[in-house]
Structures are given as C-alpha cells and as structure tokens.
Amino acid sequence: MADIRVLIVEDDPFIAMDIESAVADQLGDDVELIVVGSVAEARRMTAKQLACALLDIDVVGGKTFDVASALQEIGTPFAFVSGSAPQEVPAALRNVRFLRKPFSTREVAAFVKSAVGALNLKAMPG
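Keep in mind that this is a model prediction, so the values were computed, not measured.

Brief notes about the confidence of the model for the chain
Here is step 1 of the chain: Mean pLDDT over the chain works out to 89, with 91% of the residues at or above the 70 mark.
Here is step 2 of the chain: Per-element averaging of pLDDT across the chain places helix 4 (residues 105–123) at the bottom with 80 and strand 3 (residues 52–55) at the top with 97.

Rendered as structure tokens:
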C-alpha cells in the first residue's frame, strides 16, 4: 500500500491534527498525509496522484468548491469535512460524502479506508 497520498485541506491546525491522526491510525506508515490550509495550496496539490482528499469548505482564500470539482473531474474520491451546512454545497457536488463538524474520527477513517480500498481494487490486475 505504498504511495498512498491523502490530501487534507483544513486551516485550523487542531482539526487538521485530529484528521491526520484518524487517517494515520487507519493506514499507518503506508500513507503520505498532505496537509494544506488554503485554496491556492489545495489547487496545487490536485495535480498530484492522490488516493483521496478531505476538504474543509471554508479555508484561507475562500471556498474549496473549485478544488472539489477538479478532484471530481479526475476521479479522485473526496469528502467535505465542514461546519458549513450541506445545502451550501453547489448542486453538482451534493452527491459527495459530507462529514459535519464536529466529526467522528471513526467516520473520517472509514471514508479514507473505503476510498483507499477502492483504489487498491482498481489497481489490481483483473
């Protein structure tokens, strides 16, 4: 399971640490966690090969909806982890997993595990 990269877009360092911890507990040393706190940094990271992403909606520089749309276009699984209301999400992104803050680290870990599991199934020769 090497080369698993998980993008975490969160501008609150304490929440970012909680998410990092949940993902690391689930995937251990096999994961590279990329934590950024702004829309600009998140946009740059979408060019990387990612297993999945966890996006806060409101971060430094605005909302992450264009980042979400870019991830959706390239087929990278992602979830919103936000205190915003789910109905604030644009219609085109409403089918995306939404974890409301305060979130359960178990929910975050389950999403990442299922996204990484789906990625590994796709990578297996069939």
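Details of the pattern of salt bridges
Here is step 1 of the chain: For the structure shown, the criterion picks out five salt bridges.
Here is step 2 of the chain: In this structure, Arg 43 and Asp 66 form a salt bridge, with 2.7 Å as the shortest nitrogen-oxygen distance. Placement of the pair is Arg 43 in helix 2 (residues 39–45) and Asp 66 in helix 3 (residues 65–74), with a sequence separation of 23 residues.
Here is step 3 of the chain: In this structure Asp 66 comes out as partly exposed when scored by relative accessible area, which is 36%.

Re the nonpolar core
Here is step 1 of the chain: Within the largest apolar cluster, 22 residues are counted, with the highest numbers of intra-cluster contacts made by Leu 7, Leu 55, Phe 78 and Phe 80.
Here is step 2 of the chain: For this core, the secondary-structure elements that each account for two or more residues are strand 1 (4–9), strand 2 (31–36), helix 2, strand 3, helix 3 and strand 6 (78–82).
Here is step 3 of the chain: Considering every element that reaches this core, the biggest residue donor is helix 3, with four residues.
Here is step 4 of the chain: Residues within four places of Phe 80 in sequence aside, it is in contact with Leu 55, Ile 57, Thr 64, Phe 65, Ala 68, Val 89, Leu 93, Val 96, Arg 97, Phe 98 and Leu 99.

Things to note about the packing of aromatic side chains
Aromatic ring pairs are described here by two measures, namely the spacing of the ring centres and the angle between the planes.
Here is step 1 of the chain: Throughout the structure, instances matching the rule amount to three aromatic pairs.
Here is step 2 of the chain: Their ring planes at 80° and their centres at 6.0 Å tell us that Phe 65 and Phe 80 sit as a pair that is edge-to-face. Of this pair, Phe 65 sits in helix 3 while Phe 80 sits in strand 6, and the two are 15 residues apart along the sequence.
Here is step 3 of the chain: A relative accessible area of 0% places Phe 80 in the buried class.
Here is step 4 of the chain: Between the aromatic rings of Phe 78 and Phe 80, the centroid separation amounts to 5.7 Å while the plane-to-plane angle is 85°, which identifies the pairing as edge-to-face.

Regarding the pairing of strand 6
Here is step 1 of the chain: Most of strand 6 sits inside the fold, with five of its five residues counted as buried.
Here is step 2 of the chain: Here strand 6 shows two buried faces, one formed by Phe 78, Phe 80 and Ser 82 and the other by Ala 79 and Val 81.
Here is step 3 of the chain: Summarising the sheet, strand 3 and strand 6 pair through three bridges and their orientation is parallel. In the strand pairing of strand 6, Leu 54 is matched with Ala 79.
Here is step 4 of the chain: Direction of pairing for strand 6 relative to strand 7 (residues 97–100): parallel, over a ladder of four bridges. Residue Ala 79 lies in a different strand from strand 7, and its bridge partner there is Arg 97.

Observations concerning the side chain of Thr 64
Here is step 1 of the chain: Assignment of secondary structure puts Thr 64 in the loop between strand 5 (62–63) and helix 3.
Here is step 2 of the chain: Take Thr 64: its relative accessible area is 0%, and that puts it in the buried class.
Here is step 3 of the chain: Within the structure, the side chain of Thr 64 is placed 2.8 Å from the backbone oxygen of Asp 56, a separation counted as a polar contact.
Here is step 4 of the chain: Those residues in contact with Thr 64 that sit more than four places away from it in its chain are Val 9, Val 39, Leu 55, Asp 56, Ile 57, Val 59 and Phe 80.

Thoughts on the environment of Val 116
Here is step 1 of the chain: With respect to the helices and strands, the residue Val 116 is situated in helix 4.
Here is step 2 of the chain: With 110 residues separating them in the primary sequence, Val 116 and Val 6 have C-alpha atoms 9.2 Å apart.

Definitions and cut-offs
- Residues numbered from 1 in each chain as written.
- Predicted model: local features only at pLDDT ≥ 70, side-chain atom pairs only at ≥ 80, totals over all residues.
- Heavy atoms only, no water.
- pLDDT = per-residue confidence, 0-100.
- Helix = DSSP H or I, 4+ residues; strand = E, 2+ residues; numbered from the N terminus.
- Salt bridge = Lys/Arg side-chain N within 4 Å of Asp/Glu carboxyl O.
- Buried < 20%, exposed > 50% of the residue type's maximum accessible area, 1.4 Å probe, protein only.
- Core = buried A, V, L, I, M, F, W, Y, C linked by side-chain atoms within 4.5 Å.
- Contact = heavy atoms within 4.5 Å.
- Phe/Tyr/Trp six-rings, centres within 6.5 Å; stacked < 30°, edge-to-face > 60°.
- Pairing = 2+ DSSP bridges.
- Polar contact = N/O pair within 3.5 Å; in protein donor to acceptor, adjacent residues only side chain to side chain.

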